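A look at the structure
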Amino acid sequence: MRLEFFGRRVLILGGTCDLAITLAEILIQEGLHPILTWRSEAGKGRLSAMLESFSGRYETVHLDLARRPLLHGLFSELKDDLDYVVDFAHGDMECLIGSANPDEIHRYFSENVSARAELLRMAARIMVRKRRGRMVFVSSSAALKPNPGQGFYAAAKLASEAIYRNLGLELAGRGVTTVTLRPGYIHAGRGKKYLEAGEAEALRAIPLGRALTCREVAQAALFLLSDGAWAFNATEVSMDGGLTAGK
Amino acid sequence: MDTLSEITKSLGEILDIEMEEITPEAYVVRDLGAESIDLLELSVALNARFKVEVNEDEVFLRTFRVFLNKATEARKNPADYLQAKFPFLGPGRIGEILSDIDGGPVLKVKDLTAYVSWRLGDN
């Protein structure tokens, strides 16, 4: 199936993770122009190294959700021109709720929920002006089925899902739609570490019997960005091999 | 750039209505039928057309009643209190709104013009 895209400029939040880089490669091959965010110089260097063969066909931009002034800088660099957002950004906070540092709780939700909402407000306004836009939030099956210690992570993911859902609800009439993808265990990032620690046990819970690959998730995100997926709006799509379907 | 005609143009495009209906005295919600999503689009359009930061609480008078209640609670003169919060409106317009407030949303096209002119430093 040939995918079609109304626009070209794709802002990828959390742009230095494996999933984001894999998606960026696929987007470039489709003729789109990814703009990947990085938070540290190390992340920026990683992007340059991994996307070396695509030089000139993508951009990178500094963004740290803990630093609000950078949000405004981001949109200046984008020159208020944006067609798509794909959001992989999410901080880690693994601890039991009863054990958490109170200051860390506030910091975590400020970065992972409030700052995201502010950024999406700005992106939405650009898209409303253009009367066209598409946003894909990459959540997690842990939002629905967290392990002990993932309470804050799940809460922030669910809050973010709700923001995306309402954007789609409010703006679809103005040509801006949203969808959330909830992947299960992936051989990348946090999932990779978890799988390495206890793969056999984790896989027993997945009817499919295996974890997802980065490429599978990136291709699903690509489809959800495409014009053909437009009607997936203000909703969540699970992609977890059946993990959350049963007990 | 004529502020009123630019705002009229934006409103006409967003609300899909004839320009003749959009007079300075027209109520944006009561007469022209604007909904919250239209006001969002209008805010974006004002920002793009005039290159001014738009505070939606101010330009759409969303906090007018909140500040009126605060003035009453603090036993302050409502007109003076509101004038300080909405400097672009002017005393005459504040008085008009106070006498009209029970009739529904008070925002008029001329309030939008006053806000943009104020932000542009025309006044």
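Residues numbered from 1 in each chain as written. Chains lettered and ligands numbered in written order. Predicted model: local features only at pLDDT ≥ 70, side-chain atom pairs only at ≥ 80, totals over all residues.

Description of the overall build of chain B
Definition in use: Helix and strand labels come from DSSP, where a helix needs a run of H or I of at least four residues and a strand needs a run of E of at least two; each type is numbered from the N terminus. It is over C-alpha atoms that the radius of gyration is taken, and the globule rule equals 2.2 Å times the number of residues to the power 0.38. Exposure criterion: with C-beta atoms placed from backbone coordinates, a residue whose C-beta has 20 or more other C-beta atoms within 10 Å is buried, one with 12 or fewer is exposed, and one in between is partly exposed. Here contacts are defined at the residue level, using C-beta atoms placed from the backbone and a cut-off of 7 Å between them.
Assigned secondary structure in chain B consists of seven helices and zero strands. Secondary structure elements in chain B, listed N-terminal to C-terminal, are α-α-α-α-α-α-α. Computed over its C-alpha atoms, the radius of gyration of chain B comes to 14 Å, within 12% of the 14 Å expected for a compact globule of 123 residues. Once the C-alpha set of chain B is aligned to its principal axes, its extents read approximately 45 × 30 × 25 Å. Classification of the 123 residues of chain B by burial places 27% in the buried group. Counted over contacts in chain B with a minimum sequence separation of 6, partners at least 24 positions apart contribute 55%.

Focus on the overall build of chain A
When its secondary structure is counted, chain A shows seven helices and seven strands. Overall, chain A shows an N-to-C arrangement of helices and strands of β-α-β-α-β-α-β-α-β-α-β-α-α-β. In terms of C-alpha radius of gyration, chain A reaches 17 Å, essentially the compact-globule figure of 18 Å for 247 residues. Viewed in the frame of its principal axes, chain A has a C-alpha envelope of about 45 × 45 × 40 Å. Counting the 247 residues in chain A, one finds 38% classified as buried. Restricting the contact set of chain A to residue pairs at least 6 apart, pairs at least 24 apart contribute 76%.

A few points about the packing of helix H5 (residues 78–85) of chain B against helix H6 (residues 90–100) of chain B
Residues and elements named next belong to chain B. The condition that has to hold: Note on geometry: axes are lines fitted to C-alpha atoms, helical ones only across the stretch in contact, with angles between N-to-C directions running from 0 to 180 degrees. We call two directions roughly parallel when the angle between them is under 35 degrees, roughly antiparallel when it is over 145, roughly perpendicular when it lies between 65 and 115, and oblique otherwise. Each crossing gets its handedness from the near helix: less than a right angle anticlockwise from the far helix is left-handed, clockwise is right-handed. In this count, Pro and Cys sit with the nonpolar residues alongside Ala, Val, Leu, Ile, Met, Phe, Trp and Tyr, while Asp, Glu, Lys and Arg are called charged and the others, Gly among them, polar.
Close contact between H5 and H6 brings their axes to 10 Å; oriented N to C, the two are set at 120°. Classified by the angle their axes make, H5 and H6 are oblique. Crossing of H5 against H6: the hand is right-handed. Packed against H5, whose contacting residues are Pro78, Ala79, Leu82 and Gln83, the element H6 presents Pro91, Ile94, Gly95 and Leu98 at the interface. Class assignment of the residues belonging to the contact of H5 with H6 gives a composition of six nonpolar, two polar and no charged.

Considering the nonpolar core
Residues and elements named next belong to chain A. Our working definition: Only buried Ala, Val, Leu, Ile, Met, Phe, Trp, Tyr and Cys residues enter a nonpolar core, and they are joined through C-beta atoms within 7 Å.
By size, the foremost hydrophobic cluster in this structure holds 81 residues, and its most contacted members are Ile12, Leu19, Leu23, Val86, Val136 and Ala221. No other element matches helix H4 (residues 102–130), which puts eight residues into this core. Ranked by size, the runner-up nonpolar core spans six residues in total, among them Met93, Ala142, Ala143 and Phe152.

Considering helix H1 (residues 3–15) of chain B
All names here are of chain B. The criterion, for reference: Every helix has an expected span of 1.5 Å times one less than the residues it contains. Here, the arc refers to the directions that run from the helix axis to the C-beta atoms.
With 13 residues, H1 should reach 18 Å at 1.5 Å per residue; the first-to-last C-alpha distance of 18 Å fits that figure. For H1, every residue scored as buried is listed here: Ile7, Thr8, Ser10 and Leu11. Buried positions in H1, seen along its axis, are confined to an arc of 165° and lie on one side of it. On its buried side, H1 packs onto helix H2 (36–50) and helix H7 (109–120). Immediately downstream of H1, the backbone of Asp16 shows phi near 55°, a positive value.

Some words on the interface of chain A and chain B
Tallying the contact residues gives six residues for chain A and five residues for chain B. Here the element with the most residues in the side of chain A that touches chain B is H4 of chain A; it accounts for three residues. Residues that form the side of chain A that touches chain B fall into these classes: one nonpolar, one polar and four charged.

Description of the environment of Asn47 of chain B
Residue and element names in this part refer to chain B. By secondary structure assignment, the location of Asn47 is in helix H2. The class for Asn47 is partly exposed, based on 16 C-beta atoms found within 10 Å. In contact with Asn47, other than residues within four places in its own chain, are Val52, Glu53 and Val54.

A word on the pairing of strand S3 (residues 59–62) of chain A
Each regular strand shows side chains that alternate between the opposite faces of the sheet. All names here are of chain A. Let me state the cut-off plainly: We treat two strands as partners when DSSP finds at least two bridges between them. Call a crossover right-handed when, viewed with both strands pointing away from you, the route from the first strand across the helix to the second goes clockwise.
Here strand S2 (residues 33–38) pairs with S3 via four bridges, running parallel. If you follow Ile35 over to S3, its bridge partner there is Glu59. On the question of chirality, the crossover connecting S2 to the parallel S3 by way of helix H2 (residues 41–50) is right-handed.

Things to note about the sheet that holds S3 of chain A
Residues and elements named next belong to chain A. As summarised here, the arrangement of the seven strands in space is S3-S2-S1-S4-S5-S6-S7, forming an open sheet in which the pairing is parallel. Each of the sheet's edge strands pairs with one partner strand only, and the pair in question is S3 and strand S7 (235–239). Averaged over all pairs of adjacent strands, the angle between their axes in this sheet comes to 20°, without regard to strand direction. In the packing of helix H5 (residues 151–171) onto the sheet, the strands contacted are strand S5 (133–138), strand S6 (176–183) and S7, and the crossing angle to S6 comes to about 150°.

Points about helix H4 (residues 64–73) of chain B
With one of 10 residues buried, H4 of chain B lies mostly on the surface of the structure. Among the residues trailing H4 of chain B, Arg75 of chain B stands out with phi positive, at a value near 55°.

Quick notes on the confidence of the model for chain B
What counts is decided by this rule: Each residue gets a pLDDT score, which is the predictor's confidence in that residue and runs from 0 to 100.
Chain-level pLDDT for chain B is 95 on average; 98% of the residues reach the 70-or-more range. Across the predicted assembly, pTM comes out at 0.90 and ipTM at 0.82.

A short note on the environment of Leu120 of chain B
Turning to its location among the elements, Leu120 of chain B is positioned in helix H7. Among all residues touching Leu120 of chain B, those that are not within four sequence positions of it are Phe50 and Val52 of chain B.

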